[in-house]
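# What the coordinates show
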Amino acid sequence: MEESGSHRHIVLVTLALVVVLLAPCAAAYPLLACGSTGEFTANSTYQANLGILAAALPKNASSSPDLFATGAVGAVPDQVSALALCRGDANATACSGCLAAAFHDAQNMCAYAKDAAIYYDPCVLYYSNTPFLSSVDNVRSRTQMNGQNVTSDPGRFNRQVAALVDATADYAAYNSTRRYASGEADLDVDSEFPRVYSWAQCTPDLTPAQCRGCLAGIIKGMPRSADRVGAKFLGVRCSYRYEIYTILRGPVMVRLAAPAPEPAVGPTVPTPARRGGQDEQIRLIVRTL
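Read on for a plain summary of the structure. (Residues numbered from 1 in each chain as written. Predicted model: local features only at pLDDT ≥ 70, side-chain atom pairs only at ≥ 80, totals over all residues. Heavy atoms only, no water.)

### A word on the packing of helix α2 (residues 45-62) against helix α3 (residues 92-109)
Operational definition: As a rule, the C-alpha atoms of each element are fitted with a line to give its axis, helices using only the stretch in contact, and angles between N-to-C directions run from 0 to 180 degrees. The way it works is that DSSP assigns letters per residue, a run of H or I at least four long becomes a helix, a run of E at least two long becomes a strand, and they are numbered from the N terminus. An angle below 35 degrees is treated as roughly parallel, one above 145 as roughly antiparallel, one from 65 to 115 as roughly perpendicular, and anything else as oblique. Left-handed describes a crossing in which the near helix is turned anticlockwise from the far one by less than a right angle; the clockwise case is right-handed. The contact criterion used is simple: two residues touch if any of their non-hydrogen atoms lie within 4.5 Å. Gly is placed with the polar residues, together with every amino acid not listed as nonpolar (Ala, Val, Leu, Ile, Met, Phe, Trp, Tyr, Cys and Pro) or charged (Asp, Glu, Lys and Arg).
The contact between α2 and α3 brings their axes to 7 Å, and the two run at 160 degrees. Viewed along their axes, α2 and α3 adopt a mutual orientation that is roughly antiparallel. Regarding α2 and α3, the two cross each other, and that crossing is right-handed. Taking contact as the criterion, the partners of L50, L53, A54, L57, P58, A61 and S62 in α2 are, on α3, A92, C95, S96, L99, A100, F103 and Q107. Among the residues forming the contact of α2 with α3, the class breakdown is 11 nonpolar, three polar and no charged.

Spelled out as structure tokens, the structure:
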């Protein structure tokens, strides 16, 4: 009995240590937004309708050319609407697995909430008791900054990041049926961070103009990430991210060369006074005397 109790104690301590060690990783991702539109009860009609969507949408999205699916099940007040989107460079297996985990985790982490959005790196899921599918509003947005700052020439870094994010957003809106684009920009080999990467995405049901407008709305928040080496701005309808390490799984669609160095400003040399002007002043003084 004592050995059994001792063994159980060791197991519990080990599990506690594992939980402590994994807690920072679990807290870092996913990002979650639990809504406040009400709660459902266990074994209710609402939960059953949510279960139908959880079974259907991961498969529907992963088999779609756009890696995107929506659905609505039930009648008010038990109707559930949901949107499932995988990142444009994900494959079908990763897409299906991510969305299945998203349905599971959102219901656990936003327990019995009728409205929840959850953001993973490869996918985003949003479900709600409100009929949002016809809306283009970028609801349940979340922002996360990289904790590291640029210390060497941050102004140049910020300008190149802004140019890259804008170019990536343009490509996602106007050049991709998935409304997704990846980007890469150089600074130079001697920079503190020689290269920066980005992606931008909208739900494929948005028009090019709607997508670009949505991205412009969250790009306005970039001053909050000034001097940061990375940041992500995530929403149900559109998102973007940039980092100094590669965050891309597929081919790069947008490439920016290193910006030209700013011209060096030399020391200011005072312009010598004109000799003729000094002689004229002397002549005037002499005449006055």
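### As for the sheet that holds strand β8 (residues 195-202)
The condition is simple: Should DSSP find at least two bridges between two strands, the strands are taken to pair.
Read across the sheet, six strands follow the order β6-β9-β10-β8-β7-β11 without closing on themselves; strand pairing throughout is mixed. Either end of the sheet is taken by a strand with one partner, and the two such strands are β6 (142-145) and β11 (254-256). Across the sheet, the axes of successive neighbouring strands diverge by a mean angle of 10 degrees, strand direction being ignored. As paired strands, strand β9 (residues 231-234) and strand β10 (residues 238-243) are joined by three bridges and run antiparallel to one another. Residue pairing across strands places F233 opposite Y240, the latter belonging to β10. Each of β7 (180-186), β8, β10 and β11 touches helix α4 (residues 154-174); the most contacted strand, β7, lies at about 155 degrees to it. Along the sheet, helix α5 (residues 208-219) contacts β8, β9 and β10; its crossing angle with β10, the most-contacted strand, is approximately 50 degrees.

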